[in-house]
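Below, each chain spelled out in residue letters.
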Amino acid sequence: MTDSLSPVSVKTPTDTGDIYQVLGMITMDHNLRHKNNLTEESFNLSPEKATKANLSGLPLVTVVVPSYNQEKLIHKTLLALADQDYPNYEIFVIDDSSTDSTANVVHDFFTSCNCRGKLLIFTQNGGSARSRNKGITDARGEYIIFVDGDDIPEKDYISNLVNTVVNKEKCFDAAFCGFTEVDAKNGSKKTVLPGKDKLTDKRPYEIAIMRTLNKIPLSFWAAIYKKDFLIKNKILFNELSSATCDVNFVIKSLLFADSVSFIDKSLYNYIIHPAMLSKKRLDPEHKIKRYRGIVADIEDLYLSFLQFTDVEIIESLVEEYLEPQCHIKYLSYFAMIDDKIAFRKKLKDPETAKSLRRKMFNFKYNAEVTGKSILLFFIPSIFYSYYKNRNNFS
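What you see is a predicted model, and the numbers here were worked out from it, not measured in a lab.

Caption draft 1: Region of the structure containing the nonpolar core. In this structure, Phe110, Tyr225 and Phe305 are the most contacted members of the largest nonpolar core, which totals 109 residues. A total of 13 residues in this core trace back to one element, the largest contributor, which is helix H13 (residues 312-336).

Caption draft 2: Structural context of the pairing of strand E7 (residues 174-183). For E7, a buried count of nine out of ten residues is recorded, marking the element as mostly surrounded by other parts of the structure. Across three bridges, the pairing between E7 and strand E9 (residues 223-226) is antiparallel. Its bridge partner lying in E9, phenylalanine 176 is registered against alanine 223. When E7 meets strand E10 (residues 260-272), the two strands line up parallel, connected through ten bridges. By the bridge assignment for E10, threonine 180 is matched with asparagine 269. Pairing of E7 with strand E8 (residues 189-192) involves four bridges; the strand directions are antiparallel.

Caption draft 3: Region of the structure containing a nonpolar patch on the surface. A surface patch of nonpolar side chains, about 580 Å² in accessible area, is lined by Phe363, Ile374, Phe377, Phe378, Ile379 and Ile382. Residue contributions to the nonpolar patch peak at three residues, all from helix H16 (residues 367-378). Mapped onto the secondary structure, phenylalanine 363 falls in the loop between helix H15 (350-360) and H16.

Caption draft 4: Molecular detail of the side chain of asparagine 269. Looking at the secondary structure, you find asparagine 269 in strand E10. What makes asparagine 269 buried here is its relative accessible area of 12%. Polar side-chain contacts of asparagine 269 include one of 2.9 Å to the side chain of glutamate 154. Here asparagine 269 is in contact with Asp151, Ile152, Glu154, Thr180 and Val182, once residues within four sequence places are set aside.

Caption draft 5: Representation of the pattern of salt bridges in the model. Evaluated as defined, the whole model comprises twelve salt bridges. Across the pair glutamate 40 and lysine 118 runs a salt bridge whose closest N-O atoms are separated by 3.0 Å. You can see glutamate 40 sitting in strand E1 (residues 38-43) and its partner lysine 118 sitting in strand E4 (residues 117-122), a full 78 residues away along the chain. With relative accessibility at 43%, the residue glutamate 40 sits in the partly exposed group. Lysine 265 is paired through a salt bridge with aspartate 156; the nearest N and O atoms lie 2.9 Å apart. Within this pair, whereas lysine 265 is found in strand E10, its partner aspartate 156 is found in the loop between strand E6 (152-153) and helix H6 (157-165), the two being separated by 109 residues in sequence. Judged by its relative accessible area of 35%, lysine 265 is partly exposed.

Caption draft 6: Quick peek at the packing of helix H12 (residues 284-306) against H13. With their axes 9 Å apart at the nearest point, H12 and H13 run at an angle of 160 degrees to one another. Taken as axis vectors, H12 and H13 run roughly antiparallel relative to one another. The chirality of how H12 crosses H13 is left-handed. Residue-level inspection shows Lys287, Ile288, Tyr291, Arg292, Ile294, Val295, Ile298, Glu299, Leu301, Tyr302, Phe305 and Leu306 of H12 in contact with H13, the latter providing Ile314, Leu317, Val318, Leu322, Glu323, Gln325, Cys326, Lys329, Tyr330, Ser332, Tyr333 and Met336. Looking at the contact of H12 with H13, its residues break down into 17 nonpolar, two polar and five charged.

Caption draft 7: Local environment of the pairing of E10. Counting buried positions over the 13 residues of E10 gives ten, a clear majority of the element. Bridging between E6 and E10 involves two bridges; their strand directions are antiparallel. Looking across to E10, one finds that proline 153 is bridged to tyrosine 268.

Caption draft 8: Spotlight on the packing of H13 against helix H17 (residues 380-389). Across the interface, H13 lies against H17 with an axial gap of 7 Å and an inter-helix angle of 60 degrees. In the crossing of H13 with H17, the sense of the turn from one axis to the other is right-handed. Residue-level inspection shows Ile328, Leu331, Ser332, Phe334, Ala335 and Met336 of H13 in contact with H17, the latter providing Phe383, Tyr384, Tyr387 and Lys388. Across the contact of H13 with H17, the residue classes break down as eight nonpolar, one polar and one charged.

Caption draft 9: Expanded view of the environment of phenylalanine 110. Examined against the element boundaries, phenylalanine 110 turns out to sit in helix H4 (residues 102-113). Given a relative accessible area of 3%, phenylalanine 110 falls into the buried group. In the structure, phenylalanine 110 is positioned 67 residues away from phenylalanine 43 in sequence and 6.6 Å away in space, judged by C-alpha atoms.

Caption draft 10: Inspection of helix H8 (residues 204-212) at higher detail. For H8, the buried fraction is high: eight of the nine residues fall into the buried class. Within H8 the residues assigned to the buried category are Pro204, Tyr205, Ile207, Ala208, Ile209, Met210, Arg211 and Thr212. In the stretch just after H8, asparagine 214 is the one whose phi turns positive, near 60 degrees.

The rules behind these values
Residues numbered from 1 in each chain as written. Predicted model: local features only at pLDDT ≥ 70, side-chain atom pairs only at ≥ 80, totals over all residues. Heavy atoms only, no water. Core = buried A, V, L, I, M, F, W, Y, C linked by side-chain atoms within 4.5 Å. Buried < 20%, exposed > 50% of the residue type's maximum accessible area, 1.4 Å probe, protein only. Helix = DSSP H or I, 4+ residues; strand = E, 2+ residues; numbered from the N terminus. Pairing = 2+ DSSP bridges. Patch = residues over 30% accessible without salt bridge, like charges linked within 9 Å, V, L, I, M, F, W, Y side chains within 5 Å. Areas by Shrake-Rupley, 256 points an atom, 1.4 Å probe, with all protein chains shown as cover. Salt bridge = Lys/Arg side-chain N within 4 Å of Asp/Glu carboxyl O. Polar contact = N/O pair within 3.5 Å; in protein donor to acceptor, adjacent residues only side chain to side chain. Contact = heavy atoms within 4.5 Å. Axes fitted to C-alpha atoms, helices over the stretch in contact; angles between N-to-C directions. Parallel < 35°, antiparallel > 145°, perpendicular 65-115°, else oblique. Left-handed = near helix turned anticlockwise from the far one by under 90°. Nonpolar A, V, L, I, M, F, W, Y, C, P; charged D, E, K, R; others polar.

Take a look at the structure:
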């Protein structure tokens, strides 16, 4: 999987330029969004353990752990990280202004565990995407791993991922492993593996397309990434989104990679808590904010793939799925906030109309997108009313 793509410079599509200003979704240097005050405390290894880590000759790995109100859960996660069989790593916990004693739990852990790491505490809540991005930019490690503050990695989690991303033959930009979904209530488990055999001979961008279409189960925390690769390609989490930014992160890491590797072994336990399964009824303001994030994510994905449309299969994906989906998300957002002027302007835009018309006669990739294109083209009032009055938006 060494055949990589060379991105070309692209401009924001003219039909969405004015909407960028309406939604405030212009991509900014994420460092400018990190001017929130934060406190930082570093913790070091004992001299004996530090010497052992330095003499190992293994690359330093930074484990990024975002946290928010997890005082009852994060200690188990940190204990699992402290028990790793890999000698050269650091733990960065970035607390997103928790209102409970999460930060105290983390501090007490670091002072007693003989671990190398940092505790960073934001004074204003900004979301897990901001915390992970802060971890990426501040990481001292050559490689980065993400662990959620309520999950449990296996003892050989880091060592197996390092051995997969770095071997005698070559060094990869990223590597992915399997994971196990664990129901915290009844203890039931479901193991999910990448499917190494069907991915080994594919180019990274082909795998990116498969993940975009939900044909493979790759997750951002069941993986390891080379930091320089992420920084060079500006692969970060979308801080406007709380819904799908993690999937986009995986897709973009595959899209921009020269090479990726896989291990068909479950190394990460994704704990599903009862609160995660409950359907929360959001108030209109939060519902709109959440949906804005979804719109931003699909546009981010569209613009990322747009850089590689010299490849026929990517050009097809962009024209027949991502582009019409992008237009549809914008139109549904305008209906949701009951902005008829913006809705009509977008619908009458020649590029929007062209994209929807082309998708009406094409069921490739996603039949739902085709159905919505037909509805918008012939009976837009029904589409508008549906999204204006709908209680839960997808």
